[in-house]
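So you can see what is in the structure, the chains are spelled out below.
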Amino acid sequence: MRLTRPALLSSALALGLALAACDDPVAAHTAPATAGAPASAPAASGDDPWLADVSAMVQADAGAGRRVAIQHRLDALGIAWRDVPFKIDEESGTNVWADVAGAPEAPLLLLGAHSDQVAQGEGATDNASGSATVLALAQRLKARPLQRHRVAVAFWDLEEKGLLGSKAFVAATGSPKPALYVNFDVFGWGDTVWLMTPQADSALAQATGTAVQAQGLKLSAGDKYPPTDHLPFLKAGWPAVSYSLVGGDEIALILDMYAGRKPGAVPKVMQVIHSDHDTLANIDPAAVARGVDAVEAALRAWDAQPVAQTGMP
Ligand SMILES: [Zn+2]
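Residues numbered from 1 in each chain as written. Predicted model: local features only at pLDDT ≥ 70, side-chain atom pairs only at ≥ 80, totals over all residues.

- Looking at an unreviewed UniProt entry, one finds the protein chain named Zn-dependent exopeptidase M28 and attributed to Agrilutibacter solisilvae.

### Digging into the overall build of the protein chain
Link 1 in the chain: Of the regular secondary structure elements, the protein chain holds 11 helices and eight strands.
Link 2 in the chain: Residue burial in the protein chain is summarised as follows: out of 313 residues, 51% are buried.
Link 3 in the chain: For the protein chain, contacts bridging at least 24 residues in sequence account for 78% of all contacts bridging at least 6. (Helix = DSSP H or I, 4+ residues; strand = E, 2+ residues; numbered from the N terminus. Buried ≥ 20, exposed ≤ 12 C-beta atoms within 10 Å, placed from the backbone. Contact = placed C-beta atoms within 7 Å.)

### Focus on the confidence of the model for the protein chain
Link 1 in the chain: In the predicted model, the protein chain carries a mean pLDDT of 90, and the fraction of residues at 70 or more is 88%.
Link 2 in the chain: Confidence drops under a pLDDT of 50 for residues 20-34, and excluding neighbours within four residues, the segment shows 14 contacts in the predicted structure. (pLDDT = per-residue confidence, 0-100.)

### So, unusual backbone geometry
Link 1 in the chain: In this structure, the amide linkage connecting D126 to the following residue, N127, adopts the cis form with an omega of 10 degrees.
Link 2 in the chain: Its location among the elements puts N127 in helix 5 (residues 124-143).
Link 3 in the chain: In this structure, L158 is a non-glycine residue whose phi angle is positive, near 60 degrees.
Link 4 in the chain: Tracing the backbone shows L158 in the loop between strand 4 (150-156) and helix 6 (164-171).

### Some points on the sheet that holds strand 4
Two modes of strand pairing occur in sheets, parallel and antiparallel, and in both the strands are linked by backbone hydrogen bonds.
Link 1 in the chain: With mixed pairing, the eight strands of this open sheet are ordered in space as 1-2-4-3-5-8-6-7. Edge strands, defined here as strands with exactly one partner in the open sheet, are strand 1 (81-88) and strand 7 (218-222). Across the sheet, the mean angle separating the axes of adjacent strands is 25 degrees when strand polarity is ignored.
Link 2 in the chain: Sitting on the sheet, helix 5 touches strand 2 (91-101), strand 3 (108-114), strand 4 and strand 5 (180-187), and the angle it makes with strand 5 is about 135 degrees.
Link 3 in the chain: Lying over the sheet, helix 11 (residues 285-304) contacts strand 5, strand 6 (192-196) and strand 8 (240-246), oriented at roughly 155 degrees with respect to strand 8. (Pairing = 2+ DSSP bridges. Axes fitted to C-alpha atoms, helices over the stretch in contact; angles between N-to-C directions.)

### Observations concerning helix 5
Link 1 in the chain: Here helix 5 is 20 residues long and its end C-alpha atoms lie 26 Å apart, about the 28 Å a rise of 1.5 Å per residue gives.
Link 2 in the chain: Counting buried positions along helix 5 yields 16 of 20 residues, so the element is predominantly enclosed. (Expected span 1.5 Å × (residues − 1).)

### Notes on the environment of Q147
Link 1 in the chain: Tracing the backbone shows Q147 in the loop between helix 5 and strand 4.
Link 2 in the chain: Placed 156 residues apart in sequence, Q147 and D303 show a C-alpha to C-alpha distance of 6.7 Å.
Link 3 in the chain: Discounting residues that sit within four places of it in the chain, Q147 has contacts with D303 and A304.

### Regarding the packing of helix 1 (residues 5-15) against helix 9 (residues 251-258)
Link 1 in the chain: In contact at an axis separation of 6 Å, helix 1 and helix 9 are set at 115 degrees when each is read in the N-to-C sense. Between helix 1 and helix 9, the crossing angle belongs to the class labelled roughly perpendicular. Residues P6, A7, S10 and S11 of helix 1 touch helix 9, and the partners they reach there are D256, M257 and Y258.
Link 2 in the chain: Among the residues forming the contact of helix 1 with helix 9, the class breakdown is four nonpolar, two polar and one charged. (Parallel < 35°, antiparallel > 145°, perpendicular 65-115°, else oblique. Nonpolar A, V, L, I, M, F, W, Y, C, P; charged D, E, K, R; others polar.)

### Some words on the nonpolar core
The nonpolar side chains of soluble globular proteins are, as a tendency, buried together.
Link 1 in the chain: Ranked by size, the top nonpolar core spans 91 residues in total, and within it V54 and V193 carry the most contacts.
Link 2 in the chain: V54 has contacts with A124, A128, S129, A132, L280 and I283, leaving out every residue within four places of it along the chain. (Core = buried A, V, L, I, M, F, W, Y, C linked by C-beta atoms within 7 Å.)

### Here's the deal with the pairing of strand 2
Link 1 in the chain: Sheet topology note: the strand 1/strand 2 ladder contains eight bridges and is antiparallel. Considered in strand 2, the bridge of K87 is made with S92.
Link 2 in the chain: Hairpin connection, strand 1 to strand 2: the antiparallel pair is bridged by two residues, and D89 has positive phi, about 50 degrees.
Link 3 in the chain: Pairing of strand 2 with strand 4 involves five bridges; the strand directions are antiparallel. Within strand 4, the position partnered with A101 by the bridge is V151.

### Looking at helix 1
Link 1 in the chain: Among all positions in helix 1, only A7, S10, S11 and A14 are buried. Within helix 1, the buried residues cover an arc of 100 degrees as seen down the axis, which keeps them to one side.
Link 2 in the chain: In this structure, the buried side of helix 1 is in contact with helix 9 and helix 10 (268-272).
Link 3 in the chain: G16 sits one or two positions beyond helix 1 and adopts a positive phi of about 75 degrees. (Arc of directions from axis to C-beta.)

### Observations regarding the pairing of strand 8
Link 1 in the chain: Here strand 8 lies mainly inside the structure; seven of its seven residues are buried.
Link 2 in the chain: On strand 8, burial covers both faces: A240, S242, S244 and V246 on one face and V241, Y243 and L245 on the other are all buried.
Link 3 in the chain: Direction of pairing for strand 5 relative to strand 8: parallel, over a ladder of five bridges. Each residue of the ladder has a partner; that of V182, found in strand 8, is V241.
Link 4 in the chain: When strand 6 meets strand 8, the two strands line up antiparallel, connected through five bridges.

### Digging into the packing of helix 7 (residues 203-214) against helix 11
Link 1 in the chain: Axis separation between helix 7 and helix 11 bottoms out at 8 Å; the angle between their running directions is 140 degrees. With respect to helix 11, the element helix 7 is oriented oblique. Every pair of crossing elements has a handedness; the one defined by helix 7 and helix 11 is right-handed. On the side of helix 7, the interface is formed by A203, L204, A207, T208, A211, V212 and A214, while helix 11 contributes A294, A297, A298, A301 and W302.
Link 2 in the chain: When its residues are assigned to classes, the contact of helix 7 with helix 11 shows 11 nonpolar, one polar and no charged. (Left-handed = near helix turned anticlockwise from the far one by under 90°.)

Here it is, written out as structure tokens:
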């Protein structure tokens, strides 16, 4: 997830910190609010492949190491992958692409997440959580393919430098236009599946509403959402949505901050991402397990609709 300047400024104001050179020694020493740890410590990752994938990514070196962790997991799943190097805006990076299942002529459902992280923290929530969610869905959709769509997954590089990996993919000659691109960014805890969709009453949004309810979660669907890798798709006129899993009470506060308004309180997401708090300790694997089940069910329900109804997400 990218942090924009208005969001940073609101965060600094709400935490009582100055943004840059601080000439107020009192403010300078105001301790930032610490993000609350989940009620129970994360379970040992041995019995939870999602958590094991997040752990492997946070323990890897930033950049290439995180990609290698993803590639090892794809190898273990028997899913062939390829590096897709790119150059854009004078930056070079490497996306990872893997075809998961389905007939080559079937319309493409593309799932993706950014694999890179900022220098602060371990990038557990932003965005090992999203990458591990894509890996979990890849495993399930390989084991039991969709009826009407082929599935591929992509892990984008350099999201934090301006959505560069996804931009490069959309811009590249020959990139397949998906029937739908589904992005995952910040999928780490909470009671609410947050769906960025240009169309809140779409087939996928409706299917997601039903699926989250079955998991004891809530749905928040709408077109206001922080910048992440769905944007280059939408800008090209390609159907795209993005999922997060957060606390429902965080969403209005997050949107306030991205709009440059001072929020009533700093939501957990904004205390965690791009900071030293972005560690495994702030992840809630039990909540994520419900979220992944819900998204899988929603995608299967969406896929089962007649194709004419799934042209738009
Ligand atoms: Zn981010």
